[in-house]
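Listed below are the residues making up each chain.
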Amino acid sequence: MNYSECIINAKERIGKYCKACPECNGRACKNQIPGPGAKGVGDTAIRNYDKWKAIRVNMDTITENKPVDTSLELFGRTFQYPFLAGPVGAVQMHYGDCYDDMSYNDLLVSACAENGIAAFTGDGMDANIMVAAAKAIRHADGCGIPTVKPWNMDTIREKMELVNTSGAFAVAMDIDAAGLPFLKNFNPPAGSKTVEELREIIHMTKAPFIVKGVMTVKGAMKAKEAGANAIIVSNHGGRVLDQCPATAEVLSDIASAVGGSMKILVDGGIRSGADVFKALALGADAVVIARPFVTAVYGGGEEGVLSYIQKIGSELEDTMKMCGVSSLAEITSDCIVKG
């Protein structure tokens, strides 16, 4: 199975909201929620996609013809590629009832681990989601990243106890989920966290901690002050705030401010191996891709996940070779032209 076949299959299985587009750009679904749409008019998700496409890569084939190494080292583990599958929650509501959060996370974690990358798992109101995610990650020898939402502190403490049983090589919190309606209405209160609260949460974990949802240098500095080992430059795919800048627009400044002192990941509209290359050229250590992996799972299960990993990986390898670089460390700002 290739990814094109996967898309065809997904159109029959993915429910009535997502259109399983050949390349997810935010336009077909715009502000369709439930579904993969974004908040407001859907501007932020579209902008995420468009700003990556506005960046161009510099071709250079007057160079030594040698093998390309796409491997990534992250928190003591080596992966085949510098991209990870992102966390997705409420898949049954947004994408159809072929999977629920438990079965989706279980399949995605194992398929990614078997094929050279790692997956983040989602979180939700049902406590069984984190129970199942922890179990899936444990069965994958810790090759997964459980993502906890910014609940109230007592709920977070309960979730972290489960997370710590998983043996995960890293743990994340999508702090930007504070803008999701079900969190805003949660009682006791859930949502944004102070530096002090974030520091307390980080101390609950046994693994390197990733803060997802940083969009400013100021936010990156606060995550660093709290003790985070990494951040994900992310606006939650546009789902929590309309009229945000694209992640491609803020990545370089954030990487310049905190790169080297913590790992920098980025998500939002990254849809090709060339986009991965551009993100690394702007200062990211790795990228996170979420929505297309949903299409991969719904369209082909484990085989679909493999087809998507191979698609993005081969595109990245080809871009590197045509731009005259043979390792991730050689991908610098000189390799791109900003739009």
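Here, every reference points to the structure presented above.
In this text the structure is predicted, and so the values were computed from the model without any measurement.

(A) Spatial organisation of the overall build of the chain. Along its length, the chain carries twelve helices and twelve strands. A compact globule built from 339 residues would reach a C-alpha radius of gyration of about 20 Å, and the chain, at 18 Å, matches this within 12%. Considering only C-alpha atoms, the chain reaches an extent of 60 × 45 × 40 Å along its principal axes. Within the span of the chain, comprising 339 residues, buried residues form 56% of the whole. Taking contacts inside the chain between residues at least 6 apart in sequence as the whole, the part at least 24 apart equals 73%. Put simply, the chain shows about 13700 Å² of open surface, and 50% of that area lies on carbon and sulfur atoms. With 34 positive and 39 negative side-chain charges, the chain shows a separation of 5 Å between the mean positions of the two kinds.

(B) Broad picture of the side chain of T44. Note on placement: T44 falls in helix α2 (residues 43-54). Classification of T44 as buried rests on a relative accessible area of 0%. A polar atom in the side chain of T44 sits 3.2 Å from the backbone nitrogen of C244. In this view, T44 contacts N235, G238, L241, D242, Q243, C244 and P245; residues no more than four positions away in its chain are not counted.

(C) Local environment of the packing of helix α9 (residues 217-226) against helix α10 (residues 247-258). Interhelical geometry of α9 versus α10 gives an angle of 35 degrees and a closest axis separation of 9 Å. As for the relative orientation of α9 and α10, their crossing is right-handed in sense. Judged by residue contacts, V217, A220, M221 and K224 of α9 engage D253, I254, A257 and V258 from α10. Split into classes, the residues belonging to the contact of α9 with α10 amount to six nonpolar, no polar and two charged.

(D) Seen up close, the packing of aromatic side chains. All chains considered together, the criterion is met by six aromatic pairs. With 5.3 Å between their ring centres and 15 degrees between their planes, Y81 and F83 make a pair best called stacked. Using a relative accessible area of 10% as the deciding quantity, one classes Y81 as buried. The rings of Y3, F293 and Y308 are connected pair by pair, giving a single aromatic cluster.

(E) Main features of empty space enclosed by the protein. One pass over the structure, following the stated rule, counts one cavity of 30 Å³ or more. Computed from the structure, the largest cavity encloses a volume of approximately 50 Å³. Every residue lining the largest cavity is listed: C24, N25, G26, A45, N48, G237, G268, G269, R271 and R291. Classifying every residue of the lining of the largest cavity by side-chain character gives two nonpolar, six polar and two charged.

(F) Structural detail: the pattern of salt bridges. For the structure on display, the rule yields twelve salt bridges. Ionic pairing is found between K53 and D275, a salt bridge with its closest N-O pair at 3.0 Å. Taken together, the residues K53 in helix α2 and D275 in helix α11 (residues 273-281) connect sequence positions 222 residues apart. Judged by relative accessible area, which is 0%, D275 ranks as buried. Among the salt bridges present, the one from D123 reaches K159, with a minimum N-O distance of 2.6 Å. One end of the pair, D123, is in the loop between β5 (120-121) and α5 (127-139); the other, K159, is in helix α6 (residues 153-165), and 36 residues separate them in sequence. According to the relative accessible area criterion, D123 is buried, its value standing at 3%. Beyond isolated ion pairs, a larger network of salt bridges with shared partners links E23, K53, D275 and K278.

(G) View of helix α12 (residues 291-322). For α12, built from 32 residues, the straight-helix expectation of 46 Å at 1.5 Å per residue is missed by more than 12%, its first-to-last C-alpha distance being only 28 Å. Along α12, the helix axis deviates most sharply at G300, where the bend reaches about 135 degrees. With its phi angle positive at about 75 degrees, G324 sits one or two positions after the end of α12.

(H) Representation of the packing of helix α4 (residues 101-114) against α5 within the structure. Relative orientation of the contacting elements α4 and α5 amounts to 15 degrees, with a least axis distance of 9 Å. Between α4 and α5, the angle is such that the two are roughly parallel. Like other packed secondary-structure pairs, α4 and α5 cross with a definite hand, here right-handed. Taken together, the residues of α5 that come into contact with α4 (itself represented by D101, M102, N105, D106 and V109) are N128, I129, A132, A133, A136 and I137.

(I) Here's a closer look at the side chain of T121. Mapping T121 onto the fold places it in strand β5. Not counting the four nearest positions on each side in its chain, T121 is found in contact with P87, N105, V109, A133, I137, I145, P146 and T147.

Reading the values: the criteria
Residues numbered from 1 in each chain as written. Predicted model: local features only at pLDDT ≥ 70, side-chain atom pairs only at ≥ 80, totals over all residues. Heavy atoms only, no water. Helix = DSSP H or I, 4+ residues; strand = E, 2+ residues; numbered from the N terminus. Rg over C-alpha atoms; globule rule 2.2 N^0.38 Å. Buried < 20%, exposed > 50% of the residue type's maximum accessible area, 1.4 Å probe, protein only. Contact = heavy atoms within 4.5 Å. Areas by Shrake-Rupley, 256 points an atom, 1.4 Å probe, with all protein chains shown as cover. Lys, Arg positive; Asp, Glu negative; His and termini not counted. Charge placed at Lys NZ, Arg CZ, Asp CG, Glu CD. Polar contact = N/O pair within 3.5 Å; in protein donor to acceptor, adjacent residues only side chain to side chain. Axes fitted to C-alpha atoms, helices over the stretch in contact; angles between N-to-C directions. Left-handed = near helix turned anticlockwise from the far one by under 90°. Nonpolar A, V, L, I, M, F, W, Y, C, P; charged D, E, K, R; others polar. Phe/Tyr/Trp six-rings, centres within 6.5 Å; stacked < 30°, edge-to-face > 60°. 1 Å grid on protein atoms, 1.4 Å probe; cavity = no way out; pocket = protein on both sides within 12 Å on 5 of 7 lines; lining within 4 Å. Points joined across faces, edges and corners; volume = space filled by probe spheres on them. Salt bridge = Lys/Arg side-chain N within 4 Å of Asp/Glu carboxyl O. Expected span 1.5 Å × (residues − 1). Bend = angle between axes of the 7 residues up to and from the residue. Parallel < 35°, antiparallel > 145°, perpendicular 65-115°, else oblique.

The values are spatial; any link to function lies outside them.
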